[in-house]
Every structure is written in structure tokens, then in C-alpha cells.
Amino acid sequence: MKTPTVLALPWPAQGHVNPLMTFSQKLADHGCNIIFVNTEFIHEKVVMSSINGSSSIKLMSIPDGLEPEDDRRNIGELCTSMLRTMPSMLEKLIEDLRLNDGVTISCIVYDGTMGWALEVAKKMGINGALFWPASAALFAMQYNIPKLIDDGIIDSQGAPTAERRFQLSPSIREMDTGLIWWTNFPKIETQRKMFKYLLSFTKTQYSTDWYFCNTTNELEHAALSCFPKLLPIGPLLKSNNNEDSTTSFLEEDLSCMSWLDNHSTASVLYVAFGSTTHFNEKQFVELALGLDLTNKPFLLVMRQDFKYEFKAGSRGDENGLISHEEIKAKVDQLLGDENIKSRSLELEKKLKSNNEKGGASRENLRKFVAWLKKEEQTMS
């Protein structure tokens, strides 16, 4: 039986690469060949950090169109450049694999924010599968961009026409316009460029047979019920992956380990905001003060290139600033509820059961692999 070869294409950011890498490893464990394609910039970080310790996944790269010295945190410019450069580069890579290595791609598993890849797949007669690394609710928002425009919730440039609450579906709870994710970039120009990028493939990227989401029915039954084709395959966590891989593009900082060892189990607050969030100075001060007021040990993880730029969209004063008093109150409320820990542990057990024998996520993975192998046999 011929082995299917899957090309995986993530959005160039750590929070997108990690879950797709884990999903790819699962496919490899079920007998698929995997070619994992990053941008050249991210590829270098992945190789240096050994984010993939598996020989069953071949790492490759294509350019994003930006120069080495360009700032890839400028998401607007990155979107414009990727859309201009990467479709033709991906097509060339696939063709080179066929001509030079005798490798024929069976399916492209593409991140939902790289929807242009499905157009490349269709052009080359390759199957496609959409992979969404975030929540099903966020998928619903992006999927419904045309509806949001038609209903007057957002304008043609993606900006909310007014501050209001809206509902994507009767089964999904109302959302505030402040939760529209592409409007949360600090600069209006970036918001518009990101929306233009998304809009460029909104009408085409959903014409595929397979949709996967890093979630579970227990977490998002309502959102998943709106999209029967959107299959949960979560939680995609390092703990579910037997490979010796890291979860960071940067070298792990172990300097805090001796400090942690001096504290009892589950006594330290871990605070982190990912690799793309920016804080202004006032926000950082309020956060630090709020954590200090809890009188609990905490580990605050910040990026090495920490900058003061991002404005919070959550509830706060007239400038959107959340006070240290409110931060302390929220942490105290969370830690003071004796039921939260027990409920969290119970939910954790339920979520992980999805990846065990008979679990929904494991079954969805099995169906996809069976389809890949059947398609490969049909084509051979």
C-alpha cells in the first residue's frame, strides 16, 4: 500500500506551528509521510530550537517575501508580502518535490489563516484540509466575515460599525464587537491589511472536505454544532505527543528551576501572554502591582524584546487600562473558589479522554487517515 504524503503549512507564529506540528506527528504515527513547510524565518527558529525531534517529519521552507532585516512583527506588511510571494513559492516547492525527489503530495493541511494554500492545492489537483489551531468560536467569526458585512456589524475594511453585541448563530452566545480578533492590533493600518488578507481567500478556502479544530465537544459544543464539518481533534498538547519536542522557538530558560523547587506544589502563579502580545508601560506596572498585592509567589514570563505598545481591549478605565486592584481581585476570586480546582481537574480528564481509544478526537483522526490512504490507493 502506497503511503500518503501530507504537506503541513502553519501560519508563521509559535502558537500556530506547535499544534499543527503535534497533529502532523499524529498523522506520522498513523503511517503518513509529513513535509512540514514553514517560512524561512520560522524554519530557522524551529531547527535551532529542535521543536521537532522526530525523523518522520521532513522540515522545509519557502520565503515570505520580506528581507531578513524586515520586522515580521509588522503583521500588516507580513500579510501583504506572504500573499504576494508564497502561493507561487509553495507551487514551486511541490513541483520540485515531484520532479527532483519523486514525491507526490497527497494532501495539504493548511492553517485557516493560510487559506490561499487551498487555491494552490486545487490548481495542482491536490486535496486540501483546513486546520484551525484556536477555538471554534473564532473559526465561526472568520467563517462568517461575509455575513458580518451583510448584517452591518463590520464595514468593508473589517472595522465594527458601532460598539454592540451580535450573534453569529442562535446556538452561539452573543459576542461583543471588541472580540473581533483582527481589530485588536494596535494600528488601524495593520487591522485593515490583515482583514484584506483574510478577505482575499474567504470565498475559496472553505471549499474543502475536511475541517479540523483544536478543540473538543466538551468545550465548544454550541460552536461545533453550527459547523457539522468542523471536526474536533483537540486537545493538541505536548503531553499528548510522545516525541521529544520543545514548545518554544527560544532556548528554554532554566534559571528559575531552583527557585521553583523551593516552593510547594501548585503554589506559584504562572503568568504569560504569548509571543506576540505587547504591553505599554502603565499596563505592565499595573500587572506587576496587582500580582504583588496577591502576596503569592509568581513567575512572570516576558519576551526578551519586551516593548510597550499593546492596548488592552478588556474592561478597564476610560483608557482601557485594567487597574492593579482589579487584577488582584480577579486572582483572589479565582484562587479563593475551592470548587475551581476540582472542576478544572475533572474537565482536564474529560478533555484528555478525547485522545484515548474510543475518544472523539482520536476517531476523527482515524477517519482522516483512512480517507488519505484510500485516496492514495485510488490515485496510484
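Keep in mind it's a predicted model, so treat the numbers as computed, not measured.

Caption draft 1: Just the packing of helix H3 (residues 75-101) against helix H7 (residues 188-199), in detail. H7 packs onto H3 with a crossing angle of 25 degrees between their chain directions and a minimal axis gap of 8 Å. For the element pair H3 / H7, the angle class is roughly parallel. As H3 runs across H7, the sense of the crossing is left-handed. Residues Ile75, Gly76, Glu77, Cys79, Thr80, Met82 and Leu83 of H3 form the contact with H7, whose own contacting residues are Thr190, Lys193, Met194 and Tyr197. Split by residue class, the contact of H3 with H7 holds 6 nonpolar, 3 polar and 2 charged.

Caption draft 2: Main features of the pattern of salt bridges. This model, assessed by the stated rule, comprises 14 salt bridges. Ionic pairing is found between Glu91 and Lys123, a salt bridge with its closest N-O pair at 3.1 Å. Highlighted residues: Glu91 in helix H3 and Lys123 in helix H4 (residues 116-123), separated in sequence by 32 residues. Of the residues examined, Lys123 reaches a relative accessible area of 63% and is grouped as exposed. Each of Glu77, Glu189 and Lys193 takes part in salt bridges that share partners, so that together they form one network.

Caption draft 3: Spatial organisation of the environment of Leu59. Among the secondary structure elements, Leu59 is positioned in strand E3 (residues 57-62). The partly exposed category is assigned to Leu59, whose relative accessible area is 24%. In this structure the C-alpha to C-alpha distance between Leu59 and Ile34, which are 25 residues apart in sequence, comes to 8.6 Å.

Caption draft 4: Highlighting the pairing of strand E8 (residues 210-213). Side chains Trp210 and Phe212 project from E8 onto one buried face, and the interleaved Tyr211 and Cys213 project onto a second face that is buried too. Judged from the 4 bridges that link them, strand E5 (residues 127-132) and E8 form a sheet pairing that is parallel. Bridge pairing in E8 links Leu130 to Tyr211. One ladder, built from 3 bridges, connects E8 with strand E9 (residues 230-232); its direction is parallel. Bridge pairing in E9 places Phe212 opposite Leu231. One crossover worth recording links E8 to the parallel E9 by way of helix H8 (residues 217-226), and it is right-handed.

Caption draft 5: Layout of the sheet that holds strand E1 (residues 5-9). Reading across the sheet, the 7 strands line up as E3-E2-E1-E4-E5-E8-E9 and stay open at both edges, with parallel pairing between neighbours. Looking along the sheet, the strands with just one partner apiece sit at the ends: E3 and E9. When strand polarity is set aside, the average angle formed by the axes of neighbouring strands in this sheet is 25 degrees. Across the sheet, helix H5 (residues 136-143) lies against E5, E8 and E9, angled at about 120 degrees from E5, the strand it touches most. Strand contacts of helix H13 (residues 360-379): E1, strand E4 (107-111), E5, E8 and E9, with the helix running at about 150 degrees to E8, the strand carrying the most contacts.

What counts, and where the lines are drawn
- Residues numbered from 1 in each chain as written.
- Predicted model: local features only at pLDDT ≥ 70, side-chain atom pairs only at ≥ 80, totals over all residues.
- Heavy atoms only, no water.
- Axes fitted to C-alpha atoms, helices over the stretch in contact; angles between N-to-C directions.
- Helix = DSSP H or I, 4+ residues; strand = E, 2+ residues; numbered from the N terminus.
- Parallel < 35°, antiparallel > 145°, perpendicular 65-115°, else oblique.
- Left-handed = near helix turned anticlockwise from the far one by under 90°.
- Contact = heavy atoms within 4.5 Å.
- Nonpolar A, V, L, I, M, F, W, Y, C, P; charged D, E, K, R; others polar.
- Salt bridge = Lys/Arg side-chain N within 4 Å of Asp/Glu carboxyl O.
- Buried < 20%, exposed > 50% of the residue type's maximum accessible area, 1.4 Å probe, protein only.
- Pairing = 2+ DSSP bridges.
- Right-handed = clockwise from strand over helix to strand, strands pointing away.

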